[in-house]
Amino acid sequence: MMNIGIPRALLYYQYFPMWKTFFEELGGEVVISPPTTKAMIASGASRVVADTCLPVKVFLGHVISLIGKCDYIFIPTIRSLKSNIYNCSKFLGLPDMTKAVITECPPVLDVIIDINKGMRNIYRAIDKLGRYFTRDTSKVKSASLDAWQVHLNYRHLMSNHGLIPPQAMEGISSIDKADDTYVRTEMGINSGNPASTQTNIALIGHPYLLYDEYLNHRLIHRLEQAGIRVLTPEMLTSDELESASVKLAGTTYWTYGEEVVGAGEHYLQNGADGIIGILTFGCGPDSLMMEMVRRRANRLRTTPFMSLVLEEHTAETGIITRLEAFLDMINRRKRGGQ
Ligand code: SF4
């Protein structure tokens, strides 16, 4: 049986259930790298120049941790999923960069996804990927259709039930289809809309920053411990993200514009008590998009906004202090009805 390594970084949080289904249906075994550690970041950072963005260093650290544990590493090139909207350039060259800086990396399974080249091109790319496992085209087609359905269910669990990716991954592994009753009763989650009585804080940023607990010092856990309801971009539908993003920024050229600008605008207009923007040192797109949301929040003056910049040396105490001050301010506003 062929072992496929999947780094627990970058696109993992968006697509892991889909990838796992595809490979397992074709007879592969999926191996995931362990959660991020300090040593992983150091090993990834040692392979690239210092001003490379933190998430790419983390990704490389995860790849290194998979050496010797798998036959192949899956590193897709997802260029574009919407007409004329492209992923950050770091994603476009990820397989080549990984092979260049980690020469001992296991062979890379790459698939190029670019909607601008037409669906036929995407089908061909998926078929080529499937041929590593079987020459039976219908088996590859069936695995890709099942994988796509799992992805839709995964998105449904997040956007319709207010789950974050780790919860949705757990939900998707327990049920074949997104079963509303199961989700409400077993997962104890209500809906994706802000609750009126509880304090709601929206976190905006890339999934690989919001859900990597080591990088963000367990931010979601800390907020939930403080009785806060956490809202994230994944809890919104694509339509909600897109319409809010267009409203604030017009046409965006980066895929992640919707996660930051769209989610920021949506939660500014829909009842979040505060917004925390999570970004990272060395990210060009974020420095523009997060600033757009910050300025919008300043103009509206209805929702406090705070940004947290993560980098290798971000101290936990610094995050905790800023978080406590932000929550204090929000509680005072709520009590004072301001
Ligand atoms: S969007 Fe920013 S953080 Fe993400 S890979 Fe690109 S440069 Fe790095």
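In short, a report on the structure. (Residues numbered from 1 in each chain as written. Predicted model: local features only at pLDDT ≥ 70, side-chain atom pairs only at ≥ 80, totals over all residues. Heavy atoms only, no water.)

This next bit is on the packing of helix H12 (residues 238-249) against helix H13 (residues 257-269). Put simply, H12 and H13 touch, their axes get as near as 7 Å, and they point 85° apart. By the angle between their axes, H12 is roughly perpendicular relative to H13. For the pair H12 and H13, the contacting residues are Glu240, Leu241, Glu242, Ala244, Ser245, Lys247, Leu248 and Ala249 in the first and Gly257, Glu258, Val261, Gly262, Ala263, Glu265, His266 and Gln269 in the second. Partitioning the contact of H12 with H13 into residue classes produces six nonpolar, five polar and five charged. (Axes fitted to C-alpha atoms, helices over the stretch in contact; angles between N-to-C directions. Helix = DSSP H or I, 4+ residues; strand = E, 2+ residues; numbered from the N terminus. Parallel < 35°, antiparallel > 145°, perpendicular 65-115°, else oblique. Contact = heavy atoms within 4.5 Å. Nonpolar A, V, L, I, M, F, W, Y, C, P; charged D, E, K, R; others polar.)

So, about helix H7 (residues 137-161). With 25 residues, H7 extends 36 Å from end C-alpha to end C-alpha; this agrees with the ideal 36 Å at 1.5 Å per step. All of the buried residues in H7 are Val140, Ala143, Ala147, Val150, His151, Asn153, Tyr154, Arg155, Leu157, Met158, Ser159 and His161. Of the residues flanking the end of H7, it is Gly162, one or two places downstream, whose phi is positive at about 65°. (Expected span 1.5 Å × (residues − 1). Buried < 20%, exposed > 50% of the residue type's maximum accessible area, 1.4 Å probe, protein only.)

Attention shifts here to the pairing of strand S1 (residues 3-6). Relative to strand S2 (residues 29-32), S1 runs parallel, the two sharing four bridges. Note on S2: the bridge partner recorded for Gly5 is Val31. Handedness of the β-α-β unit built from S1, helix H1 (residues 12-25) and S2 comes out right-handed. Sheet analysis places S1 next to strand S3 (residues 72-74), joined by two bridges and oriented parallel. Across the sheet, the residue bridging to Ile4 is Tyr72, located in S3. (Pairing = 2+ DSSP bridges. Right-handed = clockwise from strand over helix to strand, strands pointing away.)

Everything listed here is a matter of geometry and, on its own, says nothing about what the molecule does.
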